[in-house]
Number of protein chains: 2
Amino acid sequence: MAERTITVGSTLEALLAEKKYSTIRDILITMKPFDIAAEFDDMEDDRLPILFRLLPKELAAETFVEMDPEAQELLIRGFSDSELREVLDELYVDDAVDIVEEMPANVVRRILSQADQEMRKNINEILRYPENSAGSIMTTEYVSLRPGMSVGDAIMRIRRTGVDKETIYTCYVTSGRTLLGLVTVKDLLLAQDDDTTIDQIMESNVISVNTHTDQEEVALTFSKYDFLALPVVDAENRMVGIVTFDDAMDVMEDEATEDMEIMGGMTPSDKTYLRSSVGDLFKHRIPWLMLLMVSATFTGMIITGFESALAAQVVLTAFIPMLMDSGGNSGSQSSVTIIRALSLGELELSDLPRVIWKEIRTAVLCGVSLAAACFAKIMLVDRLLMGNTEVTATVALVVCMTLALTILVAKFVGCTLPMFAKKVGFDPAVMASPFITTIVDALSLLVYFAIANMLLL
Amino acid sequence: MAERTITVGSTLEALLAEKKYSTIRDILITMKPFDIAAEFDDMEDDRLPILFRLLPKELAAETFVEMDPEAQELLIRGFSDSELREVLDELYVDDAVDIVEEMPANVVRRILSQADQEMRKNINEILRYPENSAGSIMTTEYVSLRPGMSVGDAIMRIRRTGVDKETIYTCYVTSGRTLLGLVTVKDLLLAQDDDTTIDQIMESNVISVNTHTDQEEVALTFSKYDFLALPVVDAENRMVGIVTFDDAMDVMEDEATEDMEIMGGMTPSDKTYLRSSVGDLFKHRIPWLMLLMVSATFTGMIITGFESALAAQVVLTAFIPMLMDSGGNSGSQSSVTIIRALSLGELELSDLPRVIWKEIRTAVLCGVSLAAACFAKIMLVDRLLMGNTEVTATVALVVCMTLALTILVAKFVGCTLPMFAKKVGFDPAVMASPFITTIVDALSLLVYFAIANMLLL
C-alpha cells in the first residue's frame with residue numbers, strides 16, 4: 001500500500017532536466033496517444049512545447065487530439081505556421097472541428113488560414129450544423145465506391161485513397177451523391193471473384209441518419225445495430241459524411257453523464273470534475289438548490305396551516321422526516337427507472353398506461369409491506385423499547401396509512417412526470433429526484449395532516 | 001398526431017392469417033435483425049415458430065441472438081435437432097454463451113449436445129470465467145497470424161478463414177499462443193509491398209486485458225483508445241480471445257444503467273423495464289425503502305429529544321422539510337458527480353484531498369448565497385407577505401445558519417463517502433442519495449436544534 005511508485009511523468013521530468021531528449025522520445029513512442037496526452041496535461045506549461053516537438057509527426061497529431069483544450073491552445077500559440085500546418089495535415093476533419101470549437105476566435109482564424117483548402121471547406125461545413133446533431137459529430141472523410149466497379153477495382157481504390165480516411169472498413173456506394181448501398185471490406189475480401197461488381201454484393205437496405213438527427217439517437221442506432229460507421233445524409237438524401245463508432249461511444253458516455261447530472265439536480269457540464277473550477281461547480285449547482293429552497297415555501301405553509309394540530313400532538317412531528325424521505329426515495333426509484341428506459345429507447349410514450357398500471361401495483365406491494373413493517377417497528381421500538389407513551393396505536397396507524405398512501409402517490413408522480421416531460425419536449429431527466437421530492441413532500445404532508453385530523457383530533 | 005400508423009407487426013399478422021408466406025419473407029429480408037427480433041418478441045407464441053422458419057439461415061441466426069430469452073427458449077424447445085444445429089452453426093461463440101447463460105439446465109444440455117465439438121469446447125471455456133469478467137464477454141474466434149508471414153499470405157489467410165470470425169479487421173500476431181503484436185487490415189491493404197513480413201509492420205506495443213479484468217475496466221479501455229477489438233490473455237500471458245467494440249458498448253450502457261439504479265436506491269436489474277414483472281420491481285425496490293424507513297428512527301429520535309423546544313417554538317417545524325431537502329439535494333449533487341467521475345476513471349482515490357478542498361469551497365459559496373437568499377425570502381414572504389409574526393429575524397437567522405452549515409456537511413459527506421466506499425471495495429454508487437440523505441438529515445436536525453437552543457431558548 002505504502003510502496004512508492006515511480007510515475008512516467010516524474011521520469012520524463014527528470015530526463016528533461018538532464019536534456020536526455022532521445023531517451024524521452026524512445027519512452028514516448030512506446031506509449032498510446034491517450035496516455036501521452038494525460039502526462040502532457042499535467043506538465044508545467046513551459047515544458048510542453050519541448051516534449052511535444054519530440055514526438056514523431058503522426059503520433060504528435062494523435063496525441064494533440066487527446067489533450068486538454070487549454071494545452072492545445074498553448075501549443076498552437078507557440079507553433080510556427082509550418083508546425084501548425086503539419087499537425088493539421090495529420091488530423092481527421094471531425095477531430096479538427098472538435099478543436100476549433102474549443103478555441104478563441106483569433107486561434108480559430110489562424111487554424112483556418114493554415115488548413116488546406118479541402119480541410120477548411122469541410123471544417124466550415126461541419127461547423128454549420130447545430131450542436132449535438134449528427135452533422136456536428138460526423139466526418140466527411142469516407143470511402144465511396146461506384147456500383148459498377150469490380151471488387152478488384154474497389155480494393156485498388158481503397159489501397160490508393162484509404163490512408164486519409166477515418167475508417168476504410170465500411171465503404172459507401174454512391175451515384176452522383178445519392179447513397180445506394182454499402183459494402184464492407186470483409187465482403188470485398190471474402191468475395192469469390194475479383195470481377196464481381198459492387199452492386200451485386202452491396203447491402204442496399206442501408207440505415208442512415210439525417211444531418212439534424214440528435215446525437216443521442218445516433219448513439220442508440222449504433223448500440224442497436226452494432227455498426228462500425230453510420231452514413232449521414234442531407235435533406236435531399238445526398239450522402240455528406242459518416243459517424244464512426246468511437247464518436248458514438250463518446251456520445252453515449254456523455255449523454256449518460258448528462259442524465260445523471262440532471263437527475264442529481266445539476267445543470268450538465270462539459271468539463272470533467274478535476275478540470276471544473278469552484279466557480280463552474282457553483283454555477284451548475286446553485287440553480288436547483290435555490291429552486292428547491294423557494295419551492296419548500298409550500299411545505300412550510302402546509303405545516304404552518306396545521307400548527308395547532310402539531311402543537312397538540314407534537315409526536316406527529318417526529319415522523320415527518322421518515323415520511324418525506326420514504327416518499328422522495330420511492331418517487332425517485334420510479335423516475336430514475338423510467339428516465340433511463342426512455343433514453344435507451346426501451347419505452348415509448350404510448351406505453352404510459354402499461355407503465356402506470358405496473359407502477360401502481362408495485363406501489364401497493366411496496367406500500368403495504370412498508371406500512372406493516374413500520375407499524376411493527378413503531379409499536380416495538382418507539383413505544384415498547386424507548387417507552388414513548390405518546391406513540392399510541394392510533395398514532396402508528398396514522399403514520400402507516402400516510403406512508404402507504406405516500407408511496408402510491410410518489411410512484412405515480414415519479415412515473416408520469418418524466419413521460420409528460422418527454423411528451424412536451426423537455427428532457428425527462430429534469431423530472432428526477434429534486435423536482436419530484438418537492439411535489440411528493442407537499443402531497444405527503446397534506447395526506448398526513450388530513451388523516452391525523454380524522455383519527456386523532 | 002392522431003394519424004393512424006400501420007405497423008409492420010400488424011401487417012405481418014394480417015399476411016400470416018392469409019398464409020402469404022413468400023410476401024412475409026420478402027418483407028422480413030428488408031429488415032435488420034434487431035428490428036425483426038423486436039417484432040417477433042411481441043408476437044403470439046404460436047406464430048413465432050412459423051415466422052422464424054421463413055427467415056434465411058444467416059438472418060435467422062442473427063435475429064435469434066437479438067430476441068428475448070423467453071422467445072429463444074420457446075423456439076429452441078420447438079426446434080428439431082437439425083434446426084437447432086443449423087442455428088448454432090451460424091452463431092458466434094460469445095452470442096452462444098449469452099444464450100446458454102439465460103436457459104434452464106435441460107435446454108443448455110440440448111444446446112451443448114447439438115453444438116459441434118469446437119463450439120462446445122469454446123462455450124465451456126468461456127462459461128468458466130467469473131460473471132462480468134473480460135473472459136465471460138470475450139469471443140474465442142479471432143484471426144491469428146504468424147510473425148514471419150508475408151502481407152500477401154496474411155491477406156490470403158484472412159480470405160480463407162475470415163468468414164467465421166466476428167471481426168477480421170484487427171488480426172493478432174502470435175507465436176505459440178503468446179501475443180506478439182497486432183496488424184489491422186488497413187495496415188495490410190496499405191502496405192507498399194505484398195512481400196513485407198508481418199513482423200515488420202505489426203504494432204508490437206499491444207494493450208491487452210486479463211481474463212479476470214472487470215468488464216467495466218474493459219469498457220473504459222475501449223473508450224480511451226478507440227479500439228475495434230481488445231485481446232484477452234490468461235495468467236500465463238497466452239492469448240485466449242478478444243472482446244469486440246459492440247460488446248464493450250453494451251457493457252458501457254449496462255454499467256451506466258446499473259449506476260443510475262443504485263443511485264436511485266434500487267438493487268440493479270438485468271431486465272428492461274417492460275420485461276420486469278411487478279414482483280421483480282418490488283424485489284429490487286423494497287430493500288432500500290425498508291432500510292430508509294428503519295434508519296429514519298434516528299431522525300425521529302432527534303426530534304423527540306427536542307420535543308419540548310419544538311412545542312415552545314412550533315414555527316421551527318415549518319422549516320424542517322426545506323432544511324432536509326436542501327441538505328439531501330446538495331449532498332447528492334456532490335455524490336453523483338464524484339461517483340460518475342470515479343466510474344469514468346477521471347478520479348483516483350489519491351485525488352481525495354483535492355476533491356475535499358474543491359467541495360468545501362463550492363459548499364461555502366453555495367451555502368452563503370443560499371442562506372442570504374433564504375433570509376430575504378423568509379423576511380419578505382413568510383413574515384411580511386403572509387404576516388406570520390412568529391417568524392422573527394432570530395428565527396430566520398437560526399434557519400439560515402443551519403442551512404449554510406447543512407450544505408457544508410452535505411457536500412463533505414457527499415464527496416467523501418463514495419471515495420471511501422471505493423477504497424474499501426464497495427460500489428461507490430451505493431453511497432448516493434438514499435444513504436447520504438439519511439446521514440445528512442440526522443446531522444442537519446442536530447445542527448438546527450443546537451443553534452436554536454443557543455439563540456432562541
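Residues numbered from 1 in each chain as written. Chains lettered and ligands numbered in written order. Predicted model: local features only at pLDDT ≥ 70, side-chain atom pairs only at ≥ 80, totals over all residues.

## Remarks on the overall build of chain A
On a plain count of helices and strands, chain A comes out with 22 helices and six strands. Since a compact globule built from 457 residues should have a radius of gyration of about 23 Å, the 30 Å found for chain A marks it as more spread out than a globular shape. Counting only residues that meet the buried cut, chain A has 46% of its 457 residues in that class. Long-range pairs, those at least 24 residues apart, make up 70% of the contacts in chain A with a sequence separation of at least 6. (Helix = DSSP H or I, 4+ residues; strand = E, 2+ residues; numbered from the N terminus. Rg over C-alpha atoms; globule rule 2.2 N^0.38 Å. Buried ≥ 20, exposed ≤ 12 C-beta atoms within 10 Å, placed from the backbone. Contact = placed C-beta atoms within 7 Å.)

## A short note on the packing of helix H17 (residues 278-305) of chain A against helix H19 (residues 320-343) of chain B
The interhelical angle for the contact between H17 of chain A and H19 of chain B, taken along N-to-C directions, is 160 degrees, at an axis separation of 9 Å. In terms of axis orientation, H17 of chain A runs roughly antiparallel to H19 of chain B. Along this stretch, H17 of chain A crosses H19 of chain B, giving a crossing that reads as right-handed. Between H17 of chain A, through Arg285, Trp288, Leu289, Leu292, Met293, Ala296, Thr299 and Gly300 of chain A, and H19 of chain B, the contact on the second element is made entirely by Pro321, Met322, Asp325, Ser326, Asn329, Ser330 and Gln333 of chain B. Among the residues forming the contact of H17 of chain A with H19 of chain B, the class breakdown is seven nonpolar, six polar and two charged. (Axes fitted to C-alpha atoms, helices over the stretch in contact; angles between N-to-C directions. Parallel < 35°, antiparallel > 145°, perpendicular 65-115°, else oblique. Left-handed = near helix turned anticlockwise from the far one by under 90°. Nonpolar A, V, L, I, M, F, W, Y, C, P; charged D, E, K, R; others polar.)

## Side note on the relation of the copies chain B and chain A
With an axial shift of 0.0 Å and an RMSD of 0.1 Å, the rotation relating chain B to chain A amounts to 180 degrees. Taken together, these values place the two copies in the relation of a two-fold axis. Measuring from the rotation axis to each C-alpha of chain B, the shortest distance belongs to Ala311 of chain B, at 2.8 Å. A shared interface surface links the copies, since 100% of the contact residues of chain B are contact residues in chain A too. (Least-squares fit on C-alpha atoms with pLDDT ≥ 70 in both.)

## A few points about the environment of Leu12 of chain B
Residue and element names in this part refer to chain B. Secondary-structure assignment places Leu12 in helix H1 (residues 8-17). Along the chain, Leu12 and Asp280 lie 268 residues apart, while their C-alpha atoms are 32 Å from each other. Once you skip the residues sitting within four places of it in the chain, Leu12 turns out to touch Ile24, Ile27 and Glu39.

## Overview of the sheet that holds strand E4 (residues 209-210) of chain A
All names here are of chain A. Taken in spatial order, the three strands of this open sheet run E4-E5-E6, and their pairing is mixed. Edge positions in the sheet fall to E4 and strand E6 (239-244), since each of these pairs with one other strand and no more. Taken together, the five bridges between strand E5 (residues 229-233) and E6 define a ladder with antiparallel strand orientation. Within E6, the residue paired with Val233 across the bridge is Met239. Sheet contacts for helix H15 (residues 215-225): E4, E5 and E6; angle to E5, the most-contacted strand, approximately 140 degrees. The sheet contacts of helix H16 (residues 245-263) involve E5 and E6, and relative to E6 the element is tilted by about 65 degrees. (Pairing = 2+ DSSP bridges.)

## Some words on the interface of chain B and chain A
If you look at the interface, chain B gives 95 residues, while chain A gives 95 residues. When residues in the side of chain B that touches chain A are grouped by element, the largest group, 17 residues, is from helix H17 (residues 278-305) of chain B. Split into classes, the residues belonging to the side of chain B that touches chain A amount to 51 nonpolar, 25 polar and 19 charged.

## A closer look at the pairing of strand E5 (residues 229-233) of chain B
The two faces of a sheet get side chains in turn, since along a regular strand they alternate between them. Residues and elements named next belong to chain B. Among the five residues that make up E5, five are buried, leaving the element largely enclosed by the rest of the structure. Alternating residues of E5 divide into Ala229, Pro231 and Val233 and Leu230 and Val232, and every residue in both groups is buried. Both strand E4 (residues 209-210) and E5 contribute to a ladder of two bridges, which runs parallel. Bridging across to E5, Val209 finds its partner in Val232. Count of turn residues in the E5/strand E6 (residues 239-244) antiparallel hairpin: five residues, of which Asn237 carries a positive phi of about 70 degrees.

## Quick notes on the domain arrangement of chain A
Residues and elements named next belong to chain A. Domain boundaries in chain A define domain 1 (8-128), domain 2 (144-263) and domain 3 (278-455). Taken over C-alpha atoms, the centre of domain 2 sits 48 Å from the centre of domain 3. Across the boundary between the two partners, domain 2 contributes six residues, which contact nine residues of domain 3. Elements with a minimum of two residues in the side of domain 2 that touches domain 3: H15 and H16. (Domains from an automatic or database assignment.)

## Overview of the sheet that holds strand E1 (residues 144-145) of chain A
The strand order E1-E2-E3 (chain A) describes an open sheet built from three strands, whose pairing is mixed. Two strands in the sheet have a free side with no partner beyond their single neighbour: E1 and strand E3 (178-184) of chain A.

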